[in-house]
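# A closer look at the structure
One letter stands for each residue in the lines below.
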Amino acid sequence: IVMSVLKQSSKLTVTALMVAVGISGPAWADSAVVDDLFEQLQDADPSDWSRIEGQIYEQWSKSGSPTIDLLVRRGGEAIEAGDFAAAVEHFTAAIDHDPTFAEAYNGRATAYYLMNQIGPSLDDIRETLVLNPRHFGAMSGFAVILEELDRPKEALEVYEQILDLVPAATNVQEAIERLKLDLEGQTL
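Predicted model only: the values in this text are computed from it and were never measured. (Residues numbered from 1 in each chain as written. Predicted model: local features only at pLDDT ≥ 70, side-chain atom pairs only at ≥ 80, totals over all residues. Heavy atoms only, no water.)

## Some thoughts on the nonpolar core
Counting residues in hydrophobic clusters, the biggest one holds 52 residues, and the most contacted among them are F38, L41, I56, F136 and Y159. Sequence-distant contacts of F136, defined by excluding residues within four places in its chain, comprise F38, L41, E53, I56, Y57, W60, I162 and V166. (Core = buried A, V, L, I, M, F, W, Y, C linked by side-chain atoms within 4.5 Å. Buried < 20%, exposed > 50% of the residue type's maximum accessible area, 1.4 Å probe, protein only. Contact = heavy atoms within 4.5 Å.)

Dropping the structure here:
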């Protein structure tokens, strides 16, 4: 897939959403705490939603294993350093240790995306969402990919699902507005 400058910008957005904010995986997260945080998101104002999202990512990042935590941390560091192949190796090792830890798939999806390997990225996004259906970071990555594949209607649907989870997410609101404008004149 040939990427334009705009698409390169989208990659930075996906990286920020999927990696820089935090690493997720609900296996060891306190589900009652996460549920409460999602309830708080429903009423959050724009100044609070980012903090609450961060707390959700913090809960999701609890793998329960120092080995997995180290591998995921090294994967994130490799992405930040631009060594995407090394990131894939670290996240794959974490998946080998615990194939139910959603954030290892999420991190690897990001690394694959940054390597322009869209198919493997989509596979890992799917697995992330199977393991953690409320993973708004993975959903955001999926929406960006759908846009890049010139599927704006489907991307809009995904962004709207994210907005149901995170109503105050201004970046998602902006993406929805942008897509609606782009689709104006077309049947939605």
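Now that the structure has been shown, we can carry on.
## Digging into the packing of aromatic side chains
Under the defined criterion, the tally for this structure stands at five aromatic pairs. Considering the side-chain rings of F38 and W60, the 6.0 Å spacing of their centres and the 40 degrees angle between planes classify their relative orientation as tilted. Taken together, the residues F38 in helix 2 (residues 31-43) and W60 in helix 3 (residues 49-60) connect sequence positions 22 residues apart. Look at F38 and you get buried, because its relative accessible area is 6%. Taken together through their ring pairs, the aromatic side chains of F38, Y57, W60 and F136 make up a single cluster. (Phe/Tyr/Trp six-rings, centres within 6.5 Å; stacked < 30°, edge-to-face > 60°. Helix = DSSP H or I, 4+ residues; strand = E, 2+ residues; numbered from the N terminus.)

## Notes on the pattern of salt bridges
Within this structure, the stated rule accounts for five salt bridges. R108 is the salt-bridge partner of D124, the closest N and O atoms lying 2.5 Å from each other. Note that D124 is positioned in helix 7 (residues 118-131) and R108 in helix 6 (residues 102-114), a separation of 16 residues in sequence. Per residue, the accessibility class of D124 equals that of R108, and both read buried. (Salt bridge = Lys/Arg side-chain N within 4 Å of Asp/Glu carboxyl O.)

## Considerations on the packing of helix 9 (residues 152-165) against helix 10 (residues 170-183)
When two helices pack together, their arrangement is given by the angle between their axes and by how far apart the axes lie. Relative orientation of the contacting elements helix 9 and helix 10 amounts to 150 degrees, with a least axis distance of 9 Å. Considered as vectors, helix 9 and helix 10 are oriented roughly antiparallel to each other. For the pair helix 9 and helix 10, the sense of crossing is left-handed. Residues P152, K153, A155, L156, Y159, E160, I162 and L163 of helix 9 pack against V172, Q173, A175, I176, R178, L179, K180 and L183 of helix 10. The class makeup of the residues in the contact of helix 9 with helix 10 is 11 nonpolar, one polar and four charged. (Axes fitted to C-alpha atoms, helices over the stretch in contact; angles between N-to-C directions. Parallel < 35°, antiparallel > 145°, perpendicular 65-115°, else oblique. Left-handed = near helix turned anticlockwise from the far one by under 90°. Nonpolar A, V, L, I, M, F, W, Y, C, P; charged D, E, K, R; others polar.)

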